[in-house]
Amino acid sequence: MTVQKRRSQRQAHKNATVEGHRFRPDRLELLRAMESLYTDQLKPASRTLRRRIGEQASGLTIEQLYRSPDGAFQQLPNIDLAHLQTLCAGCSCIQVQIEEGGDWSAVLNDRPQAFVDIYNPKDSFPAGFWQTASKYFDGLSGSTMFFPGNRYACAQ
């Protein structure tokens with residue numbers, strides 16, 4: 001596939017909606033998203049991986065995607081989840097794991113799985129972190145007091 005044709009496809013997919021076309025990432029886009037999740041210490045569960053690929057395919061910055069003062073979110077490209085799972089399963093460097101509740105994740109075979117456990121109730125942050133965070137939140141007001149509508153977006 002030519003570079004120009006791939007760029008045209010990617011541009012069309014940037015505007016894909018839930019009702020519209022589904023974006024089918026290639027191996028390079030998959031691995032780029034997985035690397036970024038490993039950097040963030042987030043396990044590449046199917047929904048998280050799907051969202052990260054959508055973020056990267058959108059061509060928008062995190063600020064443009066999630067930090068709108070009016071509370072609006074930018075629509076991410078609609079990633080073809082069946083294609084994504086097949087793509088992961090077809091990569092010799094990736095192991096697909098079935099998770100609880102029918103979900104799945106994809107991990108890199110040659111990398112340690114040092115992911116943050118988002119369900120762990122133990123607070124691993126020092127007291128100074130919470131004091132700094134408290135001062136920051138206390139200083140917000142009006143239009144500066146905006147948080148995206150979900151945990152994933154807030155973490156960005």
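Before reading further, recall that the structure is shown in the block above.
Quick look at the pattern of salt bridges
Inspection of every chain in the model, using the stated rule, returns six salt bridges. The partner of R24 in a salt bridge is D80, and the shortest N-O contact between them spans 3.2 Å. Pair noted here: R24 is in the loop between α1 (3-14) and α2 (27-39) and D80 is in the loop between α4 (62-66) and α5 (81-89), with a separation of 56 residues, a long-range link. Of the charged contacts, one joins E99 and K43 as a salt bridge, the two residues approaching to 3.0 Å between their closest N and O atoms.

Some points on the packing of aromatic side chains
One pair of aromatic rings is described through two measures. These are the centre distance and the angle between the planes. According to the stated counting rule, one finds five aromatic pairs in the structure shown. For the ring pair Y38 and F115, a centre distance of 5.0 Å and an interplane angle of 70 degrees mean the geometry is edge-to-face. Of this pair, Y38 sits in helix α2 while F115 sits in the loop between β2 (104-108) and α6 (127-138); the two residues are 77 residues apart in sequence, bridging distant segments of the chain. In this structure F115 comes out as buried when scored by relative accessible area, which is 19%. Taken together through their ring pairs, the aromatic side chains of F125, F129 and W130 make up a single cluster.

Concerning the pairing of strand β1 (residues 94-98)
Where β1 and β2 come together, five bridges link them in antiparallel fashion. In the strand pairing of β2, Q95 is matched with V107. Taking the residues between adjacent antiparallel strands as the criterion, β1 and β2 are bridged by five residues, where G101 takes a positive phi near 75 degrees.

Some details on the nonpolar core
Nonpolar side chains in soluble globular proteins tend to be buried together. Counting 20 residues, the largest nonpolar core has L30, M34, L49, I53, L84, C88 and I94 as the members making the most contacts within it. Among the elements of the structure, α2, α3 (46-58), α5 and β2 are those that each provide at least two residues to this core. Looking at this core, the element that brings in the most residues is α2, giving five residues. Contact partners of L49, with chain neighbours within four places excluded, come to L30, A33, M34, L37, P44, L84, C88 and A106.

Thoughts on the side chain of S36
With respect to the element layout, S36 can be found in helix α2. Here S36 falls in the buried class, since its relative accessible area comes to 18%. Within the structure, the side chain of S36 is placed 2.8 Å from the backbone oxygen of A33, a separation counted as a polar contact. Here the side chain of S36 touches Q56 through a polar contact of 3.4 Å, side chain to side chain. Look past the residues within four positions of S36 in its chain and what remains in contact with it is R52 and Q56.

Some remarks on the packing of α2 against α3
Where α2 contacts α3, the two axes come as close as 9 Å, and the packing angle between them is 110 degrees. Viewed along their axes, α2 and α3 adopt a mutual orientation that is roughly perpendicular. The element α2 and its partner α3 pack so that their crossing is right-handed. Residue-level contacts link E29, L30, R32, A33, M34, S36 and L37 of α2 to T48, L49, R52, I53 and Q56 of α3. Considering only residue class, the contact of α2 with α3 consists of six nonpolar, three polar and three charged.

A closer look at the packing of α3 against α5
Interaxial distance between α3 and α5 falls to 11 Å at its minimum, and their mutual angle equals 105 degrees. It follows that α3 is roughly perpendicular to α5 by the angle criterion. Contacts between α3 and α5 involve S46, L49, R50 and I53 from the former and L81, L84 and C88 from the latter. The residue makeup of the contact of α3 with α5, split by class, is five nonpolar, one polar and one charged.

Criteria and thresholds
Residues numbered from 1 in each chain as written. Predicted model: local features only at pLDDT ≥ 70, side-chain atom pairs only at ≥ 80, totals over all residues. Heavy atoms only, no water. Salt bridge = Lys/Arg side-chain N within 4 Å of Asp/Glu carboxyl O. Helix = DSSP H or I, 4+ residues; strand = E, 2+ residues; numbered from the N terminus. Phe/Tyr/Trp six-rings, centres within 6.5 Å; stacked < 30°, edge-to-face > 60°. Buried < 20%, exposed > 50% of the residue type's maximum accessible area, 1.4 Å probe, protein only. Pairing = 2+ DSSP bridges. Core = buried A, V, L, I, M, F, W, Y, C linked by side-chain atoms within 4.5 Å. Contact = heavy atoms within 4.5 Å. Polar contact = N/O pair within 3.5 Å; in protein donor to acceptor, adjacent residues only side chain to side chain. Axes fitted to C-alpha atoms, helices over the stretch in contact; angles between N-to-C directions. Parallel < 35°, antiparallel > 145°, perpendicular 65-115°, else oblique. Left-handed = near helix turned anticlockwise from the far one by under 90°. Nonpolar A, V, L, I, M, F, W, Y, C, P; charged D, E, K, R; others polar.

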